[in-house]
Structure formats: structure tokens, C-alpha cells
Amino acid sequence: MSASADVVTNERVAAVSTDVLAALHEVLGRHQVTEAEWRGVLDFLTDVGRADEFVLLSDVTRTSVLIDALSHAAEDGGVTASDVEGPLYREDPPWRERPVKIYADYEGMGEGDVLIVGGRVTSAEGEPLPGAVLDVWQTGPSGGYDVWDERQPAYNFRGRFGVDDSGAYEFQTMLPKPYTVPTDGPVGRYLELVGQHPWRPAHIHFKVEADGHVPLTTQVFFPGDPYLEDDTIGAVKPELVRPLTRREDGSELGLDRPFYTCEFDIKLRPASRS
Ligand SMILES: [Fe+2]
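All of the points below concern the structure found in this document.

1. Section: the overall build of the protein
So, point 1. Along the protein, the regular secondary structure elements total 5 helices and 12 strands.
So, point 2. Here the C-alpha radius of gyration of the protein, 21 Å, is about what a compact globule of 274 residues would show, namely 19 Å.
So, point 3. If you line up the protein on its principal axes, its C-alpha atoms span 65 × 45 × 30 Å.
So, point 4. Taken across its 274 residues, the protein has 41% of its residues classed as buried.
So, point 5. Within the protein, contacts between residues separated by at least 24 positions form 70% of all contacts whose residues are at least 6 apart in sequence.
So, point 6. Of the roughly 15,000 Å² of accessible surface on the protein, 52% is carried by carbon and sulfur atoms.

Quick look at the structure:
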């Protein structure tokens, strides 16, 4: 109930929790759930809390996607689609100066492909928003997120940065790969029990803010990914799948190999329409 800046009122809590309990009690009765089974449910939820996996549980049960859809259902097609934040955001990422590069090389990163992502941040009408700030995070080409991979420096493949006077931004990263959500905790046990795979398609997370506009949280995906149609959290939106262009001459970046580019223009919703 706190997906936005909305105030959670006692009335909302009372109204929603009454219906939640009615639905839950109906399901428990229909399936004749036993004392041992219910105890197992409570133990599982206790484990989820201890492991700090409630956001992950919300994601893999596709509840986060539902809340995202409910929260943005009224938006017109003129702004960039939102998407779920997921559990891997870290507060206070480093500010990256231009030219923006969001990673440092690390041992074991493998032969990943360099990726340049760029675009413009504008209003729904296409007016540049020169004060916009982007905040991005993603997995590396191997080893996943920095928080899982001791070889990576802290905040690798994360960063905040601004746009220029025309609203344009650009950053250098590496092409992320599909990965599995954490499977060594209670949510992993749940996935195995219900027969749900843990894979997510490769993606880059974005948060974008500009004065007078509603902050946007979203993700960008890439064509041809084996999990585009079968994301374990169900978060892929067709309009957020952005084409990659392969550039054969990497010398302009000091590379002896090809690299990729991806364009992602971002249109923000005016705050007055919220
Ligand atoms: Fe992610």
C-alpha cells in the first residue's frame, strides 16, 4: 500500500486487511489446510523475514508486477513505462562524472561486451529536462550483482549521473546476462516446491527523477534473450525491450573489439497529472 508517496491510512489498512483475511480464510477452508501445514506456512514466512526476502517473494509471486500495473494503470502512452524495482537496489550509489562509466574491471569478469547506453530525458511532450538525474544498477557480465560477487568493488555496475542541457545522457557499461534470483534461502525453497525456475532475462534497472515530474522506476531488456517470454518475476514489457546495435570498430572507446550501443529515450509524467 505504499507503492507511491501515498499516505497509508487506518481506513485503507482496515478495508484491505478485512478482505485479505476473508480471501485467506476461504482458501484455507477450501483446501482443508491442517494445523501442521499452517505451522509450516508461518515458519516459512518467519524465514522469509529473517532472510530479508519479502521483496523477492513479492517479485517471484508476481505480486510486485500486479502492484506496478495497478499503480500506473491510468497513465497514457506518452510516457515511459514503469517497472518493478526488485530487491537489489542499494541506497546512495556513487555519483559518476562524464564520461560516465559505471564499472571497474574485476578479476573474473570474463570476456564481456562493452555497452554504451544513451538517450534523452524529456517531458511527455518532448521538452528536455536538463535537471534530470538517472540512477542505474545491473549485473556484471559474470558473477551477477556486486552484492553477490566478492570479486567486484562495492557499487560496481551502479551509479547516479546527470543529463546535459538537451536532456541527453550516456553511460558505459557491459552487456548484462540473464541470472537467477537468489535460490539459497526460503524463496528458493518455495520456487523449487512449486516448480518455478529462478531465471530473469538480462536487464538494466533505472530510476529517473526531474523536478516537476513523477519519479520513474523501470527496467530495460534486450531482444533475443531466452527468458524474455518467461521472466520468473514476469516484469518484461514489450515497450521496454530495446534493440542493440553492434559496432565493429571499438577503437573510439580504446577497445580492440566490437561493442554495442542501445538507445533508450525516457519521457516522464508531469507531477500535476498524478
Ligand atoms: Fe535486476
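2. Thoughts on the coordination of the iron ion
So, point 1. At this site the iron ion is bound by Tyr145 (OH), Tyr179 (OH), His203 (NE2) and His205 (NE2), with donor distances of 1.9 to 2.4 Å.
So, point 2. Around the iron ion sit 4 donor atoms; with metal-centred angles ranging over 91 to 165 degrees, the donor geometry is irregular.
So, point 3. Summarised as a motif, the one-chain spacing of the donors to the iron ion is Y-x33-Y-x23-H-x1-H. Of the two residues, Tyr179 sits in strand 6 (residues 179-180) while His205 sits in strand 8 (residues 203-209), which places them 26 residues apart along the sequence.
So, point 4. You can call Tyr179 buried: its relative accessible area is 9%.
So, point 5. Residue His205 is classed as buried on the basis of its relative accessible area of 3%.

3. A few points about the packing of aromatic side chains
So, point 1. All told, the structure shown has 13 aromatic pairs when counted by the stated rule.
So, point 2. Centroid distance Tyr106 to Phe157: 6.4 Å. Interplanar angle 85 degrees. Geometry classified as edge-to-face. Note that Tyr106 is positioned in the loop between strand 1 (100-101) and strand 2 (114-123) and Phe157 in the loop between strand 3 (133-138) and strand 4 (158-162), a separation of 51 residues in sequence. As far as the burial class goes, Tyr106 and Phe157 line up, both buried.
So, point 3. What links up through ring pairs into an aromatic cluster is the set Phe161, Tyr169, Phe171, Phe206 and Phe264.
So, point 4. Arg90 extends its terminal NZ or CZ atom over the ring of Tyr155, reaching a point 4.0 Å from the ring centre.
So, point 5. Taking NZ or CZ as reference, Lys207 lies 3.9 Å from the ring centre of Tyr89, over its face.

4. Description of helix 5 (residues 186-194)
So, point 1. Looking at helix 5, one finds that the buried residues are Pro186, Val187, Gly188 and Leu191.
So, point 2. Buried positions along helix 5 lie against helix 2 (35-50) and helix 3 (54-60).
So, point 3. Downstream of helix 5 by a residue or two, Gly195 has a phi angle that is positive, lying close to 75 degrees.

5. Notes on the pattern of salt bridges
So, point 1. Enumeration over the complete set of coordinates arrives at 12 salt bridges.
So, point 2. Put simply, Arg39 and Asp43 hold a salt bridge, and the shortest N to O gap is 3.2 Å. Highlighted residues: Arg39 and Asp43, both in helix 2, separated by 4 residues, approximately one helical turn.
So, point 3. In this structure, the salt-bridge partner of Glu248 is Arg246, at a minimum N-O distance of 2.8 Å.
So, point 4. With relative accessibility at 56%, the residue Glu248 sits in the exposed group.
So, point 5. The network of salt bridges with common partners includes Arg90, Asp146 and Arg158.

Criteria and cut-off values
- Residues numbered from 1 in each chain as written.
- Predicted model: local features only at pLDDT ≥ 70, side-chain atom pairs only at ≥ 80, totals over all residues.
- Heavy atoms only, no water.
- Helix = DSSP H or I, 4+ residues; strand = E, 2+ residues; numbered from the N terminus.
- Rg over C-alpha atoms; globule rule 2.2 N^0.38 Å.
- Buried < 20%, exposed > 50% of the residue type's maximum accessible area, 1.4 Å probe, protein only.
- Contact = heavy atoms within 4.5 Å.
- Areas by Shrake-Rupley, 256 points an atom, 1.4 Å probe, with all protein chains shown as cover.
- Donors = N, O, S within 2.8 Å, 3.2 Å for Na, K, Ca; no water.
- Tetrahedral: all angles 85-135°; square planar, octahedral: opposite > 155°, others 65-115°.
- Phe/Tyr/Trp six-rings, centres within 6.5 Å; stacked < 30°, edge-to-face > 60°.
- Lys NZ or Arg CZ within 6 Å of the ring centre and 35° of its normal.
- Salt bridge = Lys/Arg side-chain N within 4 Å of Asp/Glu carboxyl O.

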